[in-house]
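Spelled out, the chains give:
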Amino acid sequence: MRYDCARRGCREDGASSIIAETCSIVRGVSVGFVRAVRLLCLGVAVVVGAPASGAGADEIDPPPQTLTAEHLARVIDPLMNDWVEQRKGPGALVVVVRHDGLVFAKGYGSQDIAANKPFTADQTLVRPGSISKLFTGIAVMQLVDAGKLELDRDVNDYLDFSIPTPAGGVPVTLRRLMTHRAGFEEHVKGLFARNPEPAPLGAWLKENLPLRLFPKGDIAAYSNYGFALVGYIVERVSGEPFASYVKAHILDPLGMSHSTFQQPLPADLAPLMAKAYIASDKPERAAFEIVLAPAGALSATGTDMARFLRALLNGGELDGVRILAKSRLDEMMAPQDATPAGFLGLVFFGKKIRGHDALGHDGATQSFFSELEIFPGQDLGIFVCRDGIGEIKSIGDLSRQPDPVNAIVRRFLPEVPEPTARPHPGADESSIAGVYRSGRRAESTFLRFNDLLNERLVRIDAAGDMRLHPAIWPFGQGTRFRHIDHDLYEGPRSSRLVYVDDESAMVQPGGRLQRAPWWLDVRWIALAFVASAIVILTTLLGWPPAALYRRWRKRRWSEDRTERRQYLAMRLLLLADAIVITAMVVLLVMSGNLTIFNAELDPWLLALYALAWLGVLGAAPMLWIAIQSWRGHVGGRWSRIHHSLIAASGVFLAWFFVVLRIAGTTLNY
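My aim in this report is to walk through the structure given alongside it, one point at a time. Every value quoted in this text rests on a predicted model; they were computed, and no experiment measured them.

### Some words on the sheet that holds strand β17 (residues 456-460)
Then step 1. Read around the barrel, 8 strands follow the order β16-β17-β18-β19-β20-β21-β22-β23 and close on themselves; strand pairing throughout is antiparallel. Between one strand axis and the next, the sheet turns through 30° on average, direction left out of account.
Then step 2. Pairing of strand β16 (residues 434-438) with strand β23 (residues 511-515), which is carried by 3 bridges, proceeds in the antiparallel orientation. In the strand pairing of β23, tyrosine 436 is matched with arginine 515.

### Observations regarding the pairing of β17
Then step 1. Across the 5 residues that make up β17, a large majority, 4, are buried.
Then step 2. By the bridge criterion, 3 bridges tie β16 to β17 in an arrangement that is antiparallel. Among the inter-strand pairings, glycine 434 is bridged to a residue of β17, identified as valine 458.
Then step 3. Pairing analysis gives 5 bridges linking β17 to strand β18 (residues 466-470), with the strands arranged antiparallel. By the bridge assignment for β18, leucine 457 is matched with histidine 469.
Then step 4. Connecting β17 to the antiparallel partner β18 that follows it, the hairpin turn spans 5 residues, and glycine 464 within it adopts a positive phi of roughly 90°.

### What about the packing of helix α17 (residues 602-631) against helix α18 (residues 637-659)?
Then step 1. One way to put it is that α17 packs onto α18 with a least axis distance of 8 Å and a crossing angle of 155°. Between α17 and α18, the angle falls in the class roughly antiparallel. Remark: the crossing between α17 and α18 carries left-handed chirality. Between α17, through Ala612, Trp613, Gly615, Val616, Ala619, Met622, Leu623, Ile625, Ala626, Ser629 and Trp630, and α18, the contact on the second element is made entirely by Arg637, Arg640, Ile641, His643, Ser644, Ile646, Ala647, Gly650, Val651, Ala654, Phe657 and Val658.
Then step 2. Grouping the constituent residues of the contact of α17 with α18 by class yields 16 nonpolar, 5 polar and 2 charged.

The rules behind each value
- Residues numbered from 1 in each chain as written.
- Predicted model: local features only at pLDDT ≥ 70, side-chain atom pairs only at ≥ 80, totals over all residues.
- Heavy atoms only, no water.
- Pairing = 2+ DSSP bridges.
- Helix = DSSP H or I, 4+ residues; strand = E, 2+ residues; numbered from the N terminus.
- Axes fitted to C-alpha atoms, helices over the stretch in contact; angles between N-to-C directions.
- Buried < 20%, exposed > 50% of the residue type's maximum accessible area, 1.4 Å probe, protein only.
- Parallel < 35°, antiparallel > 145°, perpendicular 65-115°, else oblique.
- Left-handed = near helix turned anticlockwise from the far one by under 90°.
- Contact = heavy atoms within 4.5 Å.
- Nonpolar A, V, L, I, M, F, W, Y, C, P; charged D, E, K, R; others polar.

Rendered as structure tokens:
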């Protein structure tokens, strides 16, 4: 069960947008299954897929060209046309600006495939996903500048419900929310609504308050719930609905007339919305995604996003209209949580792209994948949005999406030389290698199962470079992260990870990979799970034929009534376990559509919990029956061995259901 993510989630987690599209890959399963799992990742785990398309790190950069529309087209058109024509990409747009004007804006593919309606930069609405958080952050800083909000004040002073501070923890503040250090565990229920109208923001927040997994404020864990909370504070302090506030104070002043946070879309904008696809040869997805507004509900055209980029490059001002004091925007862009891998400001993520300082945010919904970067030192801003992922022939294709940002930087910005000699690794290689899990995770809900599937195995190769593998399928070359400095590694699309020895974690802005304890290592758990499932399913499948055979031979399994009852009880308990396993698989496949996680799922989830608890409670009787079979010499030797295997499977699954919260107690996930 994968969730935002979105991106999907991600420079949403402090890494590149490729993370949003690869963090839920479980190798060795079908492409359709992978696609369903990937779509449920909005956001959130910190892993990177195979090397992206475009220039490799070892290629020699040509001299930079003049940044003109003609020159940009020569670089961008081949990338995007190849994606559309050869890899069945539905549609996309690319926008490039300087502080004083729009340089390049172009759409590719179709916004409506059936109607053959082309994707355009000025008349096609896209969903930038978590890039919406930049607007939410600016709204907060406007109110800070007006003296209505304080970044370091307990947010309970602004709310009409309480967020408890656990013992030893620190209060939730706006600064911690805007740097993803409030410590909320991952939450997915209601993130994407099934209803045509979104739920009232305040009511949703009260009902869905997640556990504070890291209450000390010392661990960055990307949180959509946290940013929804930020937007609700804007509502309460300003006295305006969030969408109305952003329109009046940001969108309208910037002249972004084809942009809105309103859901569903206003009547004048609805015809411009690009239809949601996975690939150009696949059916249309839901017509319009209802997203948790402050965290990701923006709809905008490429040219409108160009105006936003220019305002950022101009210090919060555009065409004589100022939306934010330059000092406040500078504060947003200043490091709040810096690491050698990059930094997190107030909403903004800072990173190096081919040696150049970049600030921005990535975003994704279930269908749209976006990247926004500004290079203040180079007077350059870029926005890219893709509708869908195109044709997927192999798992690696999810990561080989077009990368216009790197291509533009490589061709139009001066080359920044890398060190000629690779530094010696800092930490002992054996101390880095191991299995890691994302800090952006759930521990109190059944979503913990998803986090198990997305653990990553880290290895160091002979050259001192790091290789990342899905821990559940740790074969092949993995994703290469070049060792570039003391415990610092760079992977695809300029994403970086730094190993922090005293925390045993791979860290990047807004997220981290923490070493998984041995008892949560998916490698042995997956093997034990598969073995247990095989024992259970083969036992159940063999039950009816064996019963028919005994009836034909007119022989009972045992003449002892107690033994026969035990035999029947054990099979019924196995049936409960089998139903739970089947339900987990069905839920995982269905979760390609995040809207299933809503109140309508609650009765089914309660039934799953009940059956899982039955399996948990039944493990002890299974074990007792197996022991008694040996003590009483019930049946033949192979029969007793079989019962022992059944008991072992039942005990393991009981542990599995409890630890991964499949035997759950909450409907708040």
